[in-house]
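Residue-level listing of the chains:
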Amino acid sequence: MRVSGTGSVRIRGRRTSTAVLASGAVLTVLCGCTVQASGEEHRSPVRIDLPSGTPSPKSAPPDDKPSAEPTPPAPAVLWSRGDEGRDVRELQARLRQIAWLFDGPTGTYDDLTEQAVKGFQGKRGLPKTGKTDEVTWERLLKMTREPGKWDLYLMGGQPADAPDARCLTGRVLCISKSSRTLRWMIDGQTLLTVPVRFGAQYTPTREGVFSVYWKSRHHVSTLYDSPMPYAMFFSGGQAVHYSSDFAATGYAGASHGCVNVRDERAIAEMFDQVRTGDKVVVHW
């Protein structure tokens, strides 16, 4: 190959312009071919590759798909099975108002309370966990009223107030109208405490100091034709006795003047210990 001064190249007897050779070189580069020297001398090939069109990970466009929203935390559980206390009583009292619970309030989050909460949740499209969480409680508050004291202690369980001073000596049935409780006491020591119910407005239970003058284990009232088991009479026809109605309805009802006890086991025990002549104090 010889280059002439006129801008052409002679290749094996042919004259070729340098412009043609230049365009061929460009085509060779664009096609990605291997360029190799002619003749006997061989050199390492020079390879030129065009980009494939696929961007590298660093140059990839950002993903326009929005990231998933974080899952909101579950509402905090306020009370669940096994819990006890005044707050559980209020929960039970409110469930009673809307007929999801018929027993209690007992102050203990038992299986009946759990089922009532689960039913309430399911009716309103809430997760049926049976646990009272913040959302369940707020919904219940909006549907019910504030329970009164005797709504909370409808079936008893209320704490007894301090015994009257007249109850601190001897053998005494110490009965408080304020706390609706009866203490069986000997020499100032309380042996047994039970919730009690009194007479209605027009048949009130008398107040004062009395004594047990007659005991009748299987008594039946001749005036009202109703059973009065474990009756301990202290003033006319008024007696301390077991009441199945009190056991069933709690403070939703009233007696005809007697002191009703709803715990049959407790009054049976008391009946065996109380003697004729023991003191009875009914006070506020």
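Residues numbered from 1 in each chain as written. Predicted model: local features only at pLDDT ≥ 70, side-chain atom pairs only at ≥ 80, totals over all residues. Heavy atoms only, no water.

Engineer: What exactly am I supposed to notice about the sheet that holds strand S8 (residues 189-197) here?
Structural biologist: Within a sheet, each strand pairs with its neighbour through backbone hydrogen bonds, oriented either parallel or antiparallel. The sheet built from nine strands is open, its strands ordered S9-S14-S6-S7-S8-S13-S12-S11-S10 with mixed pairing. Bordering the open sheet on either side are strand S9 (208-211) and strand S10 (214-220), each of which pairs with just one other strand. Neighbour to neighbour, the strand axes of the sheet diverge by 30 degrees on average, direction disregarded. By the bridge criterion, two bridges tie S8 to strand S13 (residues 259-261) in an arrangement that is antiparallel. (Pairing = 2+ DSSP bridges. Helix = DSSP H or I, 4+ residues; strand = E, 2+ residues; numbered from the N terminus. Axes fitted to C-alpha atoms, helices over the stretch in contact; angles between N-to-C directions.)

Engineer: How should the side chain of Arg94 be read in this particular structure?
Structural biologist: Note on placement: Arg94 falls in helix H2 (residues 86-97). Using a relative accessible area of 3% as the deciding quantity, one classes Arg94 as buried. A polar contact of 3.1 Å, which involves the side chain of Arg94, links it to the backbone oxygen of Arg145. The contacts of Arg94, once residues within four sequence positions are left out, are Trp137, Leu140, Leu141, Thr144, Arg145, Glu146 and Pro147. (Buried < 20%, exposed > 50% of the residue type's maximum accessible area, 1.4 Å probe, protein only. Polar contact = N/O pair within 3.5 Å; in protein donor to acceptor, adjacent residues only side chain to side chain. Contact = heavy atoms within 4.5 Å.)

Engineer: Honestly, the pairing of strand S7 (residues 181-186) in this entry has me stumped. Any pointers?
Structural biologist: In summary, the side chains of a regular strand alternate between the two faces of the sheet. For S7, the tally of buried residues reaches five of six residues, placing the bulk of the element in the interior. When strand S6 (residues 171-176) meets S7, the two strands line up antiparallel, connected through six bridges. When the bridges of S7 are listed, Arg171 appears paired with Ile186. In the sheet, S7 pairs with S8 via six bridges, with the strands oriented antiparallel.

Engineer: Help me understand the state of the cysteines in this model?
Structural biologist: Linking two cysteines covalently through their sulfur atoms gives a disulfide. Enumeration according to the criterion identifies one disulfide in this entry. Disulfide partner of Cys167: Cys174, at an S-S distance of 2.1 Å. On the sign convention where negative is left-handed, the bridge of Cys167 and Cys174, at about 80 degrees about the S-S bond, is right-handed. Taking the relative accessible area as the measure of exposure, Cys167 reaches 0% and is therefore buried. The buried category is assigned to Cys174, whose relative accessible area is 2%. (Disulfide = S-S within 2.5 Å.)

Engineer: What is the right way to look at the packing of aromatic side chains in this model?
Structural biologist: Between two aromatic rings, the relevant description is the distance of the centres plus the angle of the planes. Counted according to the given criterion, the structure contains seven aromatic pairs. Taking the centre distance of 5.0 Å and the plane angle of 20 degrees together, the rings of Trp214 and Phe233 count as stacked. Placement of Trp214 in strand S10 and of Phe233 in strand S11 (residues 227-235) is noted, with a sequence separation of 19 residues between them. Using a relative accessible area of 41% as the deciding quantity, one classes Trp214 as partly exposed. (Phe/Tyr/Trp six-rings, centres within 6.5 Å; stacked < 30°, edge-to-face > 60°.)

Engineer: What exactly am I supposed to notice about the nonpolar core here?
Structural biologist: Generally speaking, soluble globular proteins have nonpolar side chains that are buried together. Core analysis: the biggest nonpolar cluster contains 25 residues, and Leu173, Ile175, Val240 and Met270 have the highest contact counts within it. Mapped onto this core, the elements with two or more residues apiece are S6, S7, S8, S11, strand S12 (238-242), S13, helix H7 (264-273) and strand S14 (279-283). Apart from residues lying up to four places away in sequence, Met270 is in contact with Leu173, Leu182, Trp184, Leu192, Val194 and Met232. Membership of the second largest hydrophobic core comes to eleven residues, among which are Val88, Ala116, Trp137 and Leu140. (Core = buried A, V, L, I, M, F, W, Y, C linked by side-chain atoms within 4.5 Å.)

Engineer: I would appreciate a short explanation of the environment of Thr181 in the present structure.
Structural biologist: Relative to the assigned elements, Thr181 resides in strand S7. If we skip the residues at most four places from it in the chain, Thr181 touches Gln158, Pro159, Ala160, Asp161, Cys174, Ile175, Ser176, Thr193, Val194, Pro195 and Val196. A polar contact is formed between the side chain of Thr181 and the side chain of Ser179, at a distance of 2.6 Å.

Engineer: Teacher, can you tell me more about the environment of Phe120 here?
Structural biologist: Mapped onto the elements of the fold, Phe120 is located in helix H3 (residues 111-123). Along the sequence, Phe120 and Leu95 sit 25 residues apart, while their C-alpha atoms lie 8.5 Å from each other. The residues touching Phe120, leaving out its near neighbours within four places in the chain, are Ile98, Trp100, Thr136, Arg139, Leu140 and Met143.

Engineer: What is the right way to read the pairing of S14 from this model?
Structural biologist: Of all five residues making up S14, four are buried, and the element is well covered by its neighbours. With five bridges connecting them, S6 and S14 associate as parallel partners. Counterpart to Ile175 in the pairing with S14 is Val282. Note that S9 and S14 share four bridges and pair antiparallel.

Engineer: Even after reading the chapter, I still don't get the pattern of salt bridges, so can you show me in this structure?
Structural biologist: Opposite charge on two side chains lets them pair, provided their charged atoms get close. In total, this model carries eleven salt bridges according to the counting rule given. A salt bridge links Arg217 to Asp272; the shortest N-O distance between them is 2.9 Å. With a gap of 55 residues between them, Arg217 in strand S10 and Asp272 in helix H7 connect regions that are remote in the sequence. A single network of salt bridges, built from pairs that share partners, joins Arg86, Glu90, Arg94 and Glu146. (Salt bridge = Lys/Arg side-chain N within 4 Å of Asp/Glu carboxyl O.)

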